[in-house]
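Report on the structure
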Amino acid sequence: MDLGLTGKRALVCASSKGLGKGCAMALGEAGVDLVLNARGSAALEATAEEIRGLYGVSVTTVVTDVTTPDGQAALIEAAGNPDILVNNAGGPPPGLWPDWTRDDFIKALDANMLAPIALMTALMPGMMERGWGRVVNITSMSVRAPVAVLGLSGAARTGLTGYVAGTARQVAGSGVTINNLLPGLHATDRAVSLDQAAAEAGGVSIAEAQAQRQATIPAGRYGTIEEFGAACAFLCSKQAGFIIGQNLLLDGGAVNLTM
Ligand code: NAP
């Protein structure tokens, strides 16, 4: 399927590895010129080179922390007038509710709610003026179903989801869509660190913790970054213009819901 994205320009935040990289790869394959970001430069440059080599698109890198105002300003400047914005950042650490402090919540809100809102606020007016734009926010299945140890993540991302629900309907008439992708368990570094935390909490090996976590997924495995990226590219496509303010679970069936 021709996604109609050749020559478009995208800012993909937190994209040197994992789900952000999956989105960048799929958009690159669709002919989108990219601005990629991470805090560390080695993996970022390697990913940029990989995408240039595979798809021949232009890839600019910005080494910065997307959760800070300075980082957001650097990304907005580098992005120019992007047609596509993919919001992503690292997730808060797992923990337990009695231990979470105000500072922990502020960090989670900065990373997983206020950073994407700042970038949407800065970049959507240009998309609206040009009459076309796509925003995809990477959130989490914890928005649909609580994951107790990820309460910081759930709290911040649910706030973002509420913002998107209203805002998506205000910008839709200008040709701009905002949708959220809700990952369940995917095979990334983040999944490995959560396997490790589950192993420590349960007093089992990492392999056992991973097997236990995979057994909670009807598909019987973790998702791949390629599957995730393909869904992102479709939400950015010309064909997806009537999909507004939706929350798409990519979880192998893990969340037990009828709708
Ligand atoms: P990952 O494999 O750890 O990759 C995270 C990527 O984001 C890396 O490129 C990292 O590079 C970059 N990054 C992290 N913090 C950043 C920051 N403050 N500023 C700029 N770049 C940053 O993580 P992932 O599994 O892809 O997860 C992505 C998001 O999805 C996270 O919010 C995670 O909580 C959420 N999620 C993941 C899963 C899963 O199973 N994987 C499930 C539900 C939700 P640097 O470290 O160099 O900055």
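Quick summary incoming for the structure in this document. (Residues numbered from 1 in each chain as written. Predicted model: local features only at pLDDT ≥ 70, side-chain atom pairs only at ≥ 80, totals over all residues. Heavy atoms only, no water.)

1. Concerning empty space enclosed by the protein
Following the criterion strictly, the structure yields one cavity of 30 Å³ or more and no others. Looking at the largest cavity, its volume works out to about 40 Å³. Around the largest cavity, the lining residues are Asn87, Asn88, Ala89, Ala111, Asn112, Pro116, Ile138, Arg157 and Leu160. Among the elements of the structure, α4 (102–130) and α5 (151–171) are those that each provide at least two residues to the lining of the largest cavity. (1 Å grid on protein atoms, 1.4 Å probe; cavity = no way out; pocket = protein on both sides within 12 Å on 5 of 7 lines; lining within 4 Å. Points joined across faces, edges and corners; volume = space filled by probe spheres on them. Helix = DSSP H or I, 4+ residues; strand = E, 2+ residues; numbered from the N terminus.)

2. With respect to the nonpolar core
Within the largest apolar cluster, 33 residues are counted, with the highest numbers of intra-cluster contacts made by Leu5, Val12, Leu27, Leu34 and Ile84. Of all elements in the fold, only β1 (9–12), α1 (18–29), β2 (33–38), α2 (41–55), β4 (84–87), β5 (133–138) and α8 (225–236) reach the threshold of two or more residues within this core. Sorting elements by how many residues they give to this core places α8 first, with seven residues. Aside from chain neighbours lying at most four places away, what touches Leu5 is Leu27, Ala30, Gly31, Val32, Ile84, Trp132, Ala233, Cys236 and Ser237. Leu123, Met127, Val164 and Ile244 belong to the second-largest nonpolar core, a separate cluster that totals 24 residues. (Core = buried A, V, L, I, M, F, W, Y, C linked by side-chain atoms within 4.5 Å. Buried < 20%, exposed > 50% of the residue type's maximum accessible area, 1.4 Å probe, protein only. Contact = heavy atoms within 4.5 Å.)

3. Describing the packing of aromatic side chains
One pass over the full model with this rule turns up one aromatic pair. Centre to centre, the rings of Trp100 and Phe105 are 6.2 Å apart; their planes meet at 85°, and the pair counts as edge-to-face. Under the relative-accessibility criterion, Trp100 is labelled buried at 18%. Judged by relative accessible area, which is 32%, Phe105 ranks as partly exposed. Sitting above the plane of the Trp132 ring, Lys8 keeps its charged end 4.0 Å from the centroid. (Phe/Tyr/Trp six-rings, centres within 6.5 Å; stacked < 30°, edge-to-face > 60°. Lys NZ or Arg CZ within 6 Å of the ring centre and 35° of its normal.)

4. What about the sheet that holds strand β6 (residues 176–183)?
Consider a sheet: its strands pair through backbone hydrogen bonds, and that pairing is either parallel or antiparallel. Taken in spatial order, the seven strands line up as β3-β2-β1-β4-β5-β6-β7 in an open sheet, and their pairing is parallel. The open sheet has two edge strands, β3 (59–63) and β7 (247–250), and neither has a second partner. Mean inter-strand twist for the sheet, computed between neighbouring axes without regard to direction, equals 15°. Sheet analysis places β6 next to β7, joined by four bridges and oriented parallel. (Pairing = 2+ DSSP bridges. Axes fitted to C-alpha atoms, helices over the stretch in contact; angles between N-to-C directions.)

5. Thoughts on the pattern of salt bridges
All told, the structure shown has five salt bridges when counted by the stated rule. Lys21 is paired through a salt bridge with Glu50; the nearest N and O atoms lie 3.0 Å apart. Highlighted residues: Lys21 in helix α1 and Glu50 in helix α2, separated in sequence by 29 residues. The class for Lys21 is buried, based on a relative accessible area of 18%. Overall, the relative accessible area of 34% leaves Glu50 in the partly exposed class. (Salt bridge = Lys/Arg side-chain N within 4 Å of Asp/Glu carboxyl O.)

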